[in-house]
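One-letter residues, chain by chain:
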Amino acid sequence: MSDGREAAVASAGGPRRPLEGLTVLDLTRVLAGPFATMLLGDLGAQVIKVERPGAGDDTRAWGPPFVGAESAYFLSVNRNKKSISVDLKHPRGVAIIQELAAVCDVLVENFLPGKLPRLGLGYEQLCEVNPGLVYCSISGYGQTGPQAQSPGYDSIASAVSGMMHITGSEDGEPVRPGVAMTDLATGLYAHGAVMAALLQRHKTGRGVHIDCNLLSSQVSCLTHIAANYLNGGQEARRWGTAHESIVPYQGFTTKDGHIVVAAANDQQFVSVCNVLKLKHLTNQPEYKSNKLRVQNRRELLRTLSQRFLQEKTADWLRKFQGSGVPVGPINNIQEVFSAPQVKHNGLIQEMEHPTAGQVTVPGPAVRFSSFTHDRATPPPLIGQHTVQVLRQTLSYSDDVINALLESKAVTQNEVS
């Protein structure tokens, strides 16, 4: 980062966020990549999102619901970004990306492996002009290997990685998780890898190429499920809300809803029985240890399930207070965002969008003592900042910018 950029940030006033003064060139679309770059933007990086003219990011069309003309999906993962609309099929468009990469700190892309090098935008090509560039590639299966050229989609990677095999009711079919957890896990891995690479660059002065992919992210997240097979040859199965190695540790149906109870040790099991007024269960030999409860789970869970049906969720939550047993209701989304702790944690973030008006998205999950997340900018319109970036980041003259607009190499949103 140049001394001039550091001085500009320092003179802006207010608490500095960790990545202020750094610029991220975002060549990603859909979810894993945009989620990662949004997190970098939350930490203060200037994120320049490159979109194709016309349609832009695929998720702009993923609806309903829409807020005005903007899809709620796109709005959810694209705050704190500037959008430039560049045609990568136009020679001048490619040149603009090359010039931006020369002055940026990080580049994140999720093209099919090999596509960007053919355009002159690969890591080896760009690091020649910017040796400090941290270049993060996100793909379905990795930059090399037998499946490298297969496109990456969350649902496919979730299936191939075994995630769907272990998700669903005990006697039911494999189920796709309710949100794209493989994409989101990959975005988190990419975000962490970029942060580590920036720290390494601080020590060495050089950037690095990061290979992040959906398959590796999800397989690594199998953790103990994978270890059970790799060490003991134990094939995994679906357990619904239950846990294969801990009993009782699952959801139960109540008189008006559902509650999850997690008795992870023998003392908590005793407490569960006391709350349920089933103290006699604690004296039965077949339930004396977790190992025995796992072996005799069916009869035990049948007894517990019958008891939970007799009262409402709120009544059970009240009875469990102070018991030392972790419990919680299974909330719908309305209940989630009505919860006092969710509001307290700043997980409802409102922003004023230039065309859609007020938009609301889930806020950042992590809070810092040194700054607050109260300066978020709304997700951009397609090409909202094209002229601004060309003028301020690349120092293009108005004549050059007008020529690019006329040639359709770039487009500028008329609203901005």
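Everything numeric here is computed off the predicted structure, so don't read it as measured data.

(A) Highlighting the packing of aromatic side chains. On inspection of all chains with the given rule, the structure shows 6 aromatic pairs. Seen in terms of ring centroids, phenylalanine 252 and phenylalanine 308 are 4.6 Å apart; in terms of plane orientation they differ by 20 degrees. Their pairing is stacked. Taken together, the positions of phenylalanine 252 in strand 9 (residues 249–253) and phenylalanine 308 in helix 13 (residues 297–308) put the pair 56 residues apart, joining distant regions of the chain. Between phenylalanine 308 and phenylalanine 320, the ring centres sit 6.4 Å apart and the planes meet at 15 degrees, which makes this aromatic pair stacked.

(B) View of the state of the cysteines. For the structure on display, the rule yields 0 disulfides. Here cysteine 221 is not disulfide-linked; the sulfur of cysteine 212 is the nearest cysteine sulfur, at 10 Å. The class of cysteine 221 is partly exposed, set by a relative accessible area of 35%.

(C) Main features of a nonpolar patch on the surface. Where nonpolar side chains cluster on the molecular surface, the patch consists of Tyr153, Ile156 and Val160 and spans about 310 Å² of accessible area. In this structure, tyrosine 153 sits in the loop between strand 7 (134–139) and helix 7 (154–160).

(D) Main features of the pattern of salt bridges. Summed over all chains, the structure comprises 17 salt bridges. Sharing partners across several salt bridges, the network here consists of Arg17, Glu20 and Arg375.

(E) Summary view of helix 8 (residues 181–204). If you check helix 8, its first and last C-alpha atoms are 34 Å apart, about what 24 residues at 1.5 Å a residue would give, namely 34 Å. Among the residues making up helix 8, those that are buried are Thr182, Asp183, Leu184, Ala185, Thr186, Gly187, Ala190, His191, Val194, Ala197, Leu198 and Arg201. Summarising the contacts, the buried residues of helix 8 are in contact with helix 2 (32–42), strand 6 (106–109), strand 7, helix 7, strand 8 (208–213) and helix 9 (214–220). Looking at the residues trailing helix 8, positive phi occurs at glycine 205, about 80 degrees.

(F) Quick peek at the sheet that holds strand 14 (residues 410–411). Spatially, 7 strands are ordered 8-7-6-1-2-5-14 in an open sheet, and the strand pairing comes out mixed. The open sheet has two edge strands, strand 8 and strand 14, and neither has a second partner. Relative to strand 5 (residues 82–86), strand 2 (residues 46–51) is paired through 4 bridges, and the arrangement is parallel. Following the sheet pairing, glutamate 51 is matched in strand 5 by serine 85.

(G) Quick peek at the packing of helix 2 against helix 8. Contact pair helix 2 / helix 8: the axes reach a minimum separation of 8 Å and the direction vectors enclose 45 degrees. Judged on the interaxial angle alone, helix 8 and helix 2 are oblique. Helix 8 is crossed by helix 2, and the crossing has right-handed handedness. Counting all contacts with helix 2, which are made through Ala32, Phe35, Ala36, Leu39 and Leu40, the residues of helix 8 involved are Asp183, Leu184, Thr186, Gly187, Leu188, Ala190, His191, Val194 and Met195. Split into classes, the residues belonging to the contact of helix 2 with helix 8 amount to 10 nonpolar, 3 polar and 1 charged.

(H) Main features of the nonpolar core. Grouped together as the largest cluster of nonpolar side chains are 31 residues, with contacts concentrated most on Leu25, Ile96, Ile97, Leu100, Leu107 and Leu390. Those elements that place two or more of their residues in this core are strand 1 (23–27), strand 2, strand 5, helix 4 (91–103), helix 6 (123–129), helix 17 (386–392) and helix 18 (398–407). In terms of residue count, the dominant contributor to this core is helix 4 (5 residues). For leucine 390, the residues in contact, after removing those within four places along its chain, are Ile96, Ser395, Tyr396, Ile401, Leu404 and Val410. Among the nonpolar cores identified, the runner-up in size contains 23 residues, and Leu22, Ala36, Val134 and Cys136 belong to it.

Rules of the game
Residues numbered from 1 in each chain as written. Predicted model: local features only at pLDDT ≥ 70, side-chain atom pairs only at ≥ 80, totals over all residues. Heavy atoms only, no water. Phe/Tyr/Trp six-rings, centres within 6.5 Å; stacked < 30°, edge-to-face > 60°. Helix = DSSP H or I, 4+ residues; strand = E, 2+ residues; numbered from the N terminus. Disulfide = S-S within 2.5 Å. Buried < 20%, exposed > 50% of the residue type's maximum accessible area, 1.4 Å probe, protein only. Patch = residues over 30% accessible without salt bridge, like charges linked within 9 Å, V, L, I, M, F, W, Y side chains within 5 Å. Areas by Shrake-Rupley, 256 points an atom, 1.4 Å probe, with all protein chains shown as cover. Salt bridge = Lys/Arg side-chain N within 4 Å of Asp/Glu carboxyl O. Expected span 1.5 Å × (residues − 1). Contact = heavy atoms within 4.5 Å. Pairing = 2+ DSSP bridges. Axes fitted to C-alpha atoms, helices over the stretch in contact; angles between N-to-C directions. Parallel < 35°, antiparallel > 145°, perpendicular 65-115°, else oblique. Left-handed = near helix turned anticlockwise from the far one by under 90°. Nonpolar A, V, L, I, M, F, W, Y, C, P; charged D, E, K, R; others polar. Core = buried A, V, L, I, M, F, W, Y, C linked by side-chain atoms within 4.5 Å.

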